[in-house]
Amino acid sequence: MNAPGPVTASLAVSATPTRDHDAENFPTASLLLAKPLRAKVMAFYRFVRVADDIGDSPDLPAEEKIRRLDAMERALDDPARGLPEAAAMHRAGVGVAEARLMLSAFRQDAVQTRYADWAALEDYCRRSADPVGRMLLRLHGDGDNAAANAAADGLCTALQVLNHLQDLVPDRDSLDRIYLPESWMAIAGGEQAFFDPANAPRRREVLDAALDRVEEALDRASALPRLLRSRRLAIQSAMTIGCARRLLARLRKADPVLGRVALSKADFARALAAAFSLGPRDAPIVASRVSRAGSSFARGMAALKGGRRRALWGVYAFCRAVDDIADGAMPEAEKRRFLADWRRKLAAPDCVLSRELAFAREAHGVPLAECEAMIAGMETDSADRLRLATEADLDLYCRQVAGSVGAMSVRIFGAPQAEGFGLALGHTFQLTNILRDVDEDALRERVYIPRDLLDAAGIPEGPATEIVAHPAFAAICAKLGERAAEGFAAAERDIRAYDPQALLPAAVMMWGYRRLMDRLVLRGWAGPRPRPKLTKGEKLRMAWMALGFGRTP
C-alpha cells in the first residue's frame, strides 16, 4: 500500500473559517498579549480552527473528516508535507503536542454524537480545550508550573462546557450532536423531553446541576492570574474568567433551549476593566456566594466580624456545595463521584471553596473529621431512593449533616467548650428541617422518618408520597415535633452557660428556627402541609439581633 502523498494546500472546509479569533466567546490571542507571542498563538489558532471546522462540518461525511484530520496530523510530523497551517506552526515553534491532542478530540467529533456521563465529557474537554491553556502557559514560560496548569485546565474545561450549553440546540439541529450526557438528560425525561420547550422546570434543574460543575471548574481556575509569570497573560486569563462567570450567570437566568444566551459588549468591557486587578480573591468570591444563597444561617453569620466571619462563610459555602451535589438533578453515580472529589479537596485544596475551608480549619481548629462527616451525610442524601432503618440511623444522619455544622461553628465562634451544645442544637435544627420538608423530600423519593417508627405505626413500605400521605404518619411527625420542641427548650436553657457574645450567631439562628417549628405545630401534621417561611419582618429582626440589638434567647 502506498503511503499518503504530501499535502500541498489547506484542508479547510471553506476559504474562510467559521469564525476568527476575535469572534470567539473568550479571548485567546487578544491584544493584551505581546505582539511576537500573539503571532505564535495565531499560528496555533489557525491550525486548530481548520481542524475544528472539519470536525464540525455538517456537509462532510465522517470518513472524509477522519481522512483530513489524519492528514493534518501527518503534517505535524513532517513539515515538508506542505500543509500551510502546519507549516506556520512549525515556523513559529508552537503547539505541536497540544494540537495533536486536540486532533484526537476532533476525530471523536466526527464519529461520536452522544456522551454517557460527565467523566466522558471531561475527557473530551481534556483533549479539545485544555491543550489551549497549556500551550499559552508553555509559550509564556509556565509550562512546568503544575499549579498554573491545573488551574488553566479548570478554566478551559469550564469554557468548553459553557460553549456546549450555549449551543445545545444548534449542535443538535445541524450535527445531531449533544455534549450534555444522556444520563443527565434522562433526569428530565430523556432527550426528547429535555429539549421540549414546555419542559422548562425539569430542564432547568438539569442545567443548574451542570452549571454547578462549571462553577466548580471556574473556582479551580480562579487562582490562575496570580500564578503566572507574564503580567499580560495574567490579565487575559483574568478577563477570560470574568467573561466565563458572566456567561455562567446569564445561563442560570435564561434557558439556552428557548434562545441563544450570549455575552454583551458591556459584559466584555466589565470583564476587561476588572482584569487589571487580576480578579477577586477567594474570600470575596465566597462572600458573594453566601449572599446569593440568602439563608437563615447566613443571617446568623452577620453577627461575626473579620476572620471569624470569613471562616464561617467558608464552612457554609462548603456545606452548601456538597448539599447542592446531593440535591442536584444528576445520576446518583455522578453525585458520589463529585462528593469523592470533595474528600480529596479536604486533603489537597484546589479551588476557592476548599481553600477557604482550609483557612477555617487552620485558623480556628475546625476538625477534618467534621468535614468528612458532612460529606458522609451528603452521600446518604445522594441515594435515588432514601430510607433510614432505625432511629439510631436518623440520629447518625442528623449528627453528620447538622451536628458537624454545630461542632465546626462553635470553634469559629470562639467557644470550643460549647461543642456539646452545638451538636444538640444542630440535631434540633435538622429535625425541624426534616419535619418542614417531608412532602418536598417525598417527591425526591426521600423518607427520613425511620422504618422502625413507620412499622410501629403500621405504615407499609411503598412510594415515598404514599408513606407521607398515610393517616398514621401525622402522629409520628407530632412526636418528633415534641422532641424538637424539647431540644429548643434545652438549647435556650443551656446557652446561658456560655459567653453570650460568642454564641450570638447561634442564638440568632435558634430564634429563626424556633419560629419555624412553632408554625409547623400551629399548621398541624395532617392534610395539606404548606412549607412555613419566615416573614420579611422576622428576617429583618434576625439581622438586627445579629448586630447586637434586640432580645435573643
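Bear in mind that the values here come from a model prediction, so they are computed numbers and not experimental data. (Residues numbered from 1 in each chain as written. Predicted model: local features only at pLDDT ≥ 70, side-chain atom pairs only at ≥ 80, totals over all residues. Heavy atoms only, no water.)

Participant: What should I look at first to understand a nonpolar patch on the surface in this one?
Facilitator: A cluster of nonpolar side chains, namely Trp544, Leu547 and Phe549, defines an oily patch on the protein surface of about 340 Å² accessible area. Structurally, Trp544 is set in helix α27 (residues 536–546). Judged by its relative accessible area of 47%, Trp544 falls in the partly exposed class. (Patch = residues over 30% accessible without salt bridge, like charges linked within 9 Å, V, L, I, M, F, W, Y side chains within 5 Å. Areas by Shrake-Rupley, 256 points an atom, 1.4 Å probe, with all protein chains shown as cover. Salt bridge = Lys/Arg side-chain N within 4 Å of Asp/Glu carboxyl O. Helix = DSSP H or I, 4+ residues; strand = E, 2+ residues; numbered from the N terminus. Buried < 20%, exposed > 50% of the residue type's maximum accessible area, 1.4 Å probe, protein only.)

Participant: Just to check I follow, could you spell out unusual backbone geometry for this structure?
Facilitator: Leaving glycine out, the prevailing phi sign among residues is negative, and the prevailing peptide bond configuration is trans. A positive phi angle, close to 50 degrees, is found at Asp176, a residue other than glycine. You can see Asp176 is positioned in the loop between α8 (168–175) and α9 (182–185). Backbone geometry places Leu278, a non-glycine residue, at a positive phi of 70 degrees. Take Leu278: it is sitting in the loop between α13 (265–275) and α14 (282–293). By relative accessible area, Leu278 is classed as buried at 13%.

Participant: Before we go on, may I ask you to explain the packing of α14 against helix α18 (residues 352–364) in this structure?
Facilitator: Each packed pair of helices is defined by two parameters, the angle between the axes and the distance between the axes. It is the contact of α14 with α18, at a shortest axis distance of 9 Å, that shows an interaxial angle of 100 degrees. Considered as vectors, α14 and α18 are oriented roughly perpendicular to each other. In this structure, α14 contributes Asp282, Ala283, Ile285, Val286 and Arg289 to the contact, and α18 contributes Val352, Leu353, Arg355 and Glu356. Tallied by class, residues from the contact of α14 with α18 come to five nonpolar, no polar and four charged. (Axes fitted to C-alpha atoms, helices over the stretch in contact; angles between N-to-C directions. Parallel < 35°, antiparallel > 145°, perpendicular 65-115°, else oblique. Contact = heavy atoms within 4.5 Å. Nonpolar A, V, L, I, M, F, W, Y, C, P; charged D, E, K, R; others polar.)

Participant: Please explain the pattern of salt bridges as it appears in this structure.
Facilitator: A side chain with one charge can pair with a side chain of the opposite charge if their charged atoms come near. Taken as a whole, this structure holds 58 salt bridges when the rule is applied. The partner of Arg336 in a salt bridge is Glu332, with the nearest N and O atoms 2.9 Å apart. Of the two residues, Arg336 and Glu332 both sit in helix α17 (residues 332–347), four residues apart, roughly one turn of that helix. Overall, Arg336 belongs to the partly exposed group, its relative accessible area being 34%. For Arg387, the salt bridge goes to Glu461, with nearest N and O atoms at 3.1 Å. With a gap of 74 residues between them, Arg387 in strand β1 (residues 386–387) and Glu461 in the loop between α23 (451–456) and α24 (464–469) connect regions that are remote in the sequence. One network of salt bridges, with partners in common, ties together Arg204, Asp208, Asp212, Glu215, Asp219, Arg245, Arg252, Arg289 and Arg292.

Participant: What should I look at first to understand the side chain of Arg529 in this one?
Facilitator: Relative to the assigned elements, Arg529 resides in the loop between α26 (504–523) and α27. Among the polar contacts listed, one links the side chain of Arg529 to the backbone oxygen of Trp525, at a separation of 2.9 Å. For Arg529, the residues in contact, after removing those within four places along its chain, are Val438, Asp439, Val468, Ala469, Phe473 and Arg523. (Polar contact = N/O pair within 3.5 Å; in protein donor to acceptor, adjacent residues only side chain to side chain.)

Participant: Please clarify how the packing of helix α1 (residues 35–55) against helix α6 (residues 130–139) should be interpreted in this entry.
Facilitator: Close contact between α1 and α6 brings their axes to 11 Å; oriented N to C, the two are set at 150 degrees. When the axes of α1 and α6 are compared, the pair comes out roughly antiparallel. The element α1 and its partner α6 pack so that their crossing is right-handed. Within the contact between the two elements, α1 uses Leu37, Lys40, Val41 and Phe44 and α6 uses Val132, Met135, Leu136 and Leu139. A breakdown of the residues in the contact of α1 with α6 according to their chemical character gives seven nonpolar, no polar and one charged. (Left-handed = near helix turned anticlockwise from the far one by under 90°.)

Function cannot be inferred from these measures alone, as they are strictly geometric.
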